[in-house]
Amino acid sequence: MRLSSVTALVSGGASGLGLATARELASAGASVVIVDLPSSSGVEVAASLGGGARFIPADVTDEDQLAAAFAATDDGSLRVVVHTAGRGRPQRIVLKSGEPALLAPFEDVIRLNVIGTFNVLRLSAAQMARQESVDGERGVIVLTSSIAGTDGQIGQIAYSASKAAIDGMTLCAARDLASKQIRVCTIAPGIFETPLMAGVTAEIRSRLDDSVPNPRRMGVPEEYASLALEIVRNTYLNGATLRLDGALRLGPS
């Protein structure tokens, strides 16, 4: 897909993987719309991108807020959506006290990572489907899971379950939307340098770097963004979950 005269929406675009992707898409000629929480730095990020980039505050789990965000981009130019918003909350299935895991943290992660992803998927697909086909396609949607979806570690029960759900959506969505000429792919990152790593000690950071076979370091957001852009450009990429992990396979802990 050619990105000139195309609007690209990046959810979670005010930081981390989403921010790098927004920058990459803007550099490639797309008009970028950042969707993130009102408390994010979305206004400043959009201003830094130039090219008419916009910030629309919305919670991806809120049906009305997200519908309003998509309505604000409904001018026939939305062809690319990259969804990066998500988080985890570590918890053992049986707590140290012997009590069962709390249900609320599990529900919280599932709501953001699974419900939020489907909310973005359904609204972006419906909007793209109304547009004219250009060079045999109407749009491309890139979702974000994690290698934890298949390599779940101890304490990651909610996060792993949510990311496995996104992996499970991918081929189903690509087949479902094939008649609309909309492609769907998912990127499954390994260990990446994101704001979540800001509080990690040098010792832990070194161990994380050494756990990656090659290159022996954590990934950087620009590498995620580069793959997202390739998915957009390569029209034969569809229905795939692509690991981006330096050949890392997570151990149990």
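Residues numbered from 1 in each chain as written. Predicted model: local features only at pLDDT ≥ 70, side-chain atom pairs only at ≥ 80, totals over all residues. Heavy atoms only, no water.

Peer 1: Help me understand helix H2 (residues 42-49) in this model?
Peer 2: Side chains three or four residues apart in an α-helix point the same way, a direct result of the helix having 3.6 residues per turn. Looking only at H2, the buried set comprises Gly 42, Val 45, Ala 46 and Leu 49. The buried side chains of H2 occupy one side of the element, clustering within an arc of 100° when seen end-on. Along H2, the residues that are exposed and aim more than 90 degrees away from the buried face are Val 43, Glu 44, Ala 47 and Ser 48. On the buried face of H2, the contacting elements are helix H1 (16-27), strand S2 (31-36) and strand S3 (54-57). Positive backbone phi, at 65°, marks Gly 50, one or two positions downstream of H2. (Buried < 20%, exposed > 50% of the residue type's maximum accessible area, 1.4 Å probe, protein only. Helix = DSSP H or I, 4+ residues; strand = E, 2+ residues; numbered from the N terminus. Arc of directions from axis to C-beta. Contact = heavy atoms within 4.5 Å.)

Peer 1: Honestly, the pairing of S3 in this entry has me stumped. Any pointers?
Peer 2: Remark: a regular strand shows side chains that alternate across the two faces of the sheet. One ladder, built from four bridges, connects S2 with S3; its direction is parallel. Bridge assignment links Val 35 to a residue of S3, and that residue is Ile 56. Viewed along the sheet, the connection from S2 through H2 into S3 turns out right-handed. (Pairing = 2+ DSSP bridges. Right-handed = clockwise from strand over helix to strand, strands pointing away.)

Peer 1: In this structure, what is going on with the sheet that holds strand S5 (residues 139-144)? I would like to understand it.
Peer 2: Where strands meet in a sheet, backbone hydrogen bonds hold them as pairs that are either parallel or antiparallel. As summarised here, the arrangement of the seven strands in space is S3-S2-S1-S4-S5-S6-S7, forming an open sheet in which the pairing is parallel. Of all the strands in the sheet, just S3 and strand S7 (241-244) have a single pairing partner and so form its edges. Averaged over all pairs of adjacent strands, the angle between their axes in this sheet comes to 20°, without regard to strand direction. Each of strand S4 (78-83), S5, strand S6 (182-189) and S7 is contacted by helix H7 (residues 221-233), which is oriented at about 160° to S6, the strand it contacts most. (Axes fitted to C-alpha atoms, helices over the stretch in contact; angles between N-to-C directions.)

Peer 1: Can you walk me through the pattern of salt bridges in this structure?
Peer 2: Oppositely charged side chains may form a pair once their charged atoms are brought near each other. Under the definition given, this model contains 12 salt bridges. Here Asp 108 makes a salt bridge to Arg 87, at a shortest N to O gap of 2.9 Å. Pair noted here: Asp 108 is in helix H4 (residues 103-129) and Arg 87 is in the loop between S4 and H4, with a separation of 21 residues, a long-range link. Residue classification places Asp 108 among the partly exposed positions, given a relative accessible area of 24%. As a salt-bridge pair, Glu 223 and Arg 217 come within 2.5 Å of each other at their nearest N and O atoms. The class for Arg 217 is partly exposed, based on a relative accessible area of 33%. (Salt bridge = Lys/Arg side-chain N within 4 Å of Asp/Glu carboxyl O.)

Peer 1: Explain the side chain of Gln 91 here, please?
Peer 2: In this fold, Gln 91 is placed in the loop between S4 and H4. At 2.8 Å, the side chain of Gln 91 and the backbone nitrogen of Leu 102 are in polar contact. Residues contacting Gln 91, with those up to four places away along its chain left out, are Ala 101, Leu 102, Pro 105, Gly 155 and Ile 157. (Polar contact = N/O pair within 3.5 Å; in protein donor to acceptor, adjacent residues only side chain to side chain.)

Peer 1: Please clarify how the nonpolar core should be interpreted in this entry.
Peer 2: In summary, soluble globular proteins display a tendency toward joint burial of nonpolar side chains. Counting 30 residues, the largest nonpolar core has Leu 3, Leu 25, Val 80 and Tyr 224 as the members making the most contacts within it. Sorting the residues of this core by element identifies strand S1 (7-11), H1, S2, H2, S4, S5, S6 and H7 as the ones contributing at least two each. Beyond its immediate sequence surroundings of up to four residues, Leu 3 is in contact with Leu 25, Ala 28, Gly 29, Ala 30, Val 80, Leu 229 and Val 232. By size, the runner-up hydrophobic cluster in this structure holds 26 residues, among which are Ile 56, Ala 58, Ala 174 and Val 184. (Core = buried A, V, L, I, M, F, W, Y, C linked by side-chain atoms within 4.5 Å.)

Peer 1: Teacher, can you tell me more about the layout of surface pockets here?
Peer 2: Empty pockets left among the atoms are what a rolling probe the size of a water molecule brings to light. Roughly 210 Å³ of internal volume is contained in the second largest pocket. For the second largest pocket, the full set of lining residues is Met 1, Arg 2, Ser 4, Ser 5, Val 6, Gly 76, Ser 77, Arg 79, Val 134, Asp 135, Glu 137 and Thr 235. Across the lining of the second largest pocket, the residue classes break down as three nonpolar, five polar and four charged. (1 Å grid on protein atoms, 1.4 Å probe; cavity = no way out; pocket = protein on both sides within 12 Å on 5 of 7 lines; lining within 4 Å. Points joined across faces, edges and corners; volume = space filled by probe spheres on them. Nonpolar A, V, L, I, M, F, W, Y, C, P; charged D, E, K, R; others polar.)

Peer 1: Would you take a moment to explain the side chain of Arg 138 for this structure?
Peer 2: Along the chain, Arg 138 turns up in the loop between H4 and S5. It is Glu 132 that comes nearest to the buried, bridge-free Arg 138 among opposite-charge side chains, at 8.6 Å. Within the local environment of Arg 138, its side chain forms a polar contact with the backbone oxygen of Lys 180, the two atoms lying 3.2 Å apart. Beyond its immediate sequence surroundings of up to four residues, Arg 138 is in contact with Leu 78, Arg 79, Met 128, Ala 129, Gln 131, Glu 132, Ser 133, Lys 180, Gln 181 and Ile 182. (Lys, Arg positive; Asp, Glu negative; His and termini not counted.)

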